[in-house]
Amino acid sequence: EDEITLFERDMKEFWIQFKISYSTEQINQTSALRDLCKETIEALSEKWSKKLKEEDLMIDKIQEYNNEILQQSKYIAEKEEQLTEIKSKLNEEEEQQKNLTDSIQELKEELMKKMEIKSSKNEAAKEKVERVSKIKTLFKERLGLEMRRIHDEQLQFIFRHIDHKDPDKPYMFTLSINEQGDYEVTSCAPPLDCVAELQLKLRETNNFSAFVANIRKAFTALSYK
């Protein structure tokens, strides 16, 4: 019985020591694990805190870039609007320039036509004056006629030897060429009632010699009244 009692006592002491030893080791392991977890958590916290700060900085940077892009977009939109207005004004100015050029060209063409017409009329008037001048001597010799060139390119015709009572008495009329290139009697002394009729006939026939002869006949008939 003593040996059994001794064995049981030894077994109890062994379990007591074993429990104490196991508990101490377990506590030490738990503490070590806890410290390791704490260090790991602190390291991870520091790492993630740093990462979060970097991400916050990145987000701020992205937001800054977005704001800058937004400002650039607004600036570009404003410039595009200004460019559109400038293009519109340029198109309007080009259209006005084209219209002005067309108007100038039309005026040039119209002016050239008028100059051609005027030149043609001047040439016709010059030919008529030359034709009158050529027969000046003939009229003077046969009809007692004297012709003078006076102001505004007019010709004055002076007849003498009409009034048998006063052969030197002048009978005269003034002839010009109007803007239409036609003969026109501008004065007549003494006045003749048939001047308008003779002038119309001259324009129709262009027979200047007959016109002058008929004027002289009318003056002669008037001298007998």
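Residues numbered from 1 in each chain as written. Predicted model: local features only at pLDDT ≥ 70, side-chain atom pairs only at ≥ 80, totals over all residues. Heavy atoms only, no water.

### Points about the overall build of the chain
Point 1. When its secondary structure is counted, the chain shows four helices and four strands.
Point 2. When burial is assessed residue by residue, the chain has 17% of its 225 residues classed as buried.
Point 3. Carbon and sulfur atoms make up 54% of the accessible area of the chain, which amounts to about 18,300 Å² in all. (Helix = DSSP H or I, 4+ residues; strand = E, 2+ residues; numbered from the N terminus. Buried < 20%, exposed > 50% of the residue type's maximum accessible area, 1.4 Å probe, protein only. Areas by Shrake-Rupley, 256 points an atom, 1.4 Å probe, with all protein chains shown as cover.)

### A look at the pattern of salt bridges
Point 1. Enumeration according to the criterion identifies three salt bridges in this entry.
Point 2. Its salt-bridge partner being aspartate 102, residue lysine 98 comes within 3.2 Å of it at the nearest N-O pair. Remark: aspartate 102 and lysine 98 occur in helix H1 (residues 2-134); sequence separation between them is four residues, near one turn of the helix. (Salt bridge = Lys/Arg side-chain N within 4 Å of Asp/Glu carboxyl O.)

### Looking at the side chain of glutamine 199
Point 1. In this structure, glutamine 199 sits in helix H3 (residues 195-205).
Point 2. With sequence-adjacent residues up to four places away left out, glutamine 199 is seen in contact with Tyr183, Glu184, Val185 and Phe211. (Contact = heavy atoms within 4.5 Å.)

### Focus: the sheet that holds strand S3 (residues 171-177)
Point 1. The sheet built from four strands is open, its strands ordered S1-S2-S3-S4 with antiparallel pairing. Strands at the two margins of the open sheet, each flanked by one partner only, are strand S1 (145-150) and strand S4 (183-189). Mean inter-strand twist for the sheet, computed between neighbouring axes without regard to direction, equals 20 degrees.
Point 2. One ladder, built from six bridges, connects S1 with strand S2 (residues 154-159); its direction is antiparallel. By the bridge assignment for S2, arginine 149 is matched with leucine 155. (Pairing = 2+ DSSP bridges. Axes fitted to C-alpha atoms, helices over the stretch in contact; angles between N-to-C directions.)

### Some remarks on a negative patch on the surface
Point 1. On the surface, Glu54, Glu55, Asp56, Asp60, Glu64 and Glu68 cluster together to form a negatively charged patch.
Point 2. Here glutamate 54 lies in helix H1.
Point 3. The exposure class of glutamate 54 is partly exposed, given its relative accessible area of 45%. (Patch = residues over 30% accessible without salt bridge, like charges linked within 9 Å, V, L, I, M, F, W, Y side chains within 5 Å. Lys, Arg positive; Asp, Glu negative; His and termini not counted. Charge placed at Lys NZ, Arg CZ, Asp CG, Glu CD.)

### Focus: the packing of aromatic side chains
Point 1. This model, assessed by the stated rule, comprises nine aromatic pairs.
Point 2. Between phenylalanine 208 and phenylalanine 211, the aromatic rings sit 6.3 Å apart at their centres with planes inclined by 40 degrees, giving tilted as the arrangement. Note that phenylalanine 208 and phenylalanine 211 are positioned in helix H4 (residues 208-223) at a spacing of three residues, about one turn of the helix. A single burial state applies to phenylalanine 208 and to phenylalanine 211, both of which are buried.
Point 3. Here a set of aromatic residues connected by ring pairs shows up, and it is made of Phe157, Phe159, Tyr171, Phe173, Tyr183, Phe208, Phe211 and Phe219. (Phe/Tyr/Trp six-rings, centres within 6.5 Å; stacked < 30°, edge-to-face > 60°.)

### Some thoughts on the pairing of S2
Point 1. Of all six residues that make up S2, six are buried, and the element is covered over most of its length.
Point 2. Burial of S2 is two-sided: the residues Gln154, Gln156 and Ile158 facing one way and the residues Leu155, Phe157 and Phe159 facing the other way are all buried.
Point 3. Examined bridge by bridge, S2 and S3 share five bridges and lie antiparallel to one another. The residue bridging phenylalanine 159 from the neighbouring strand is tyrosine 171, located in S3.

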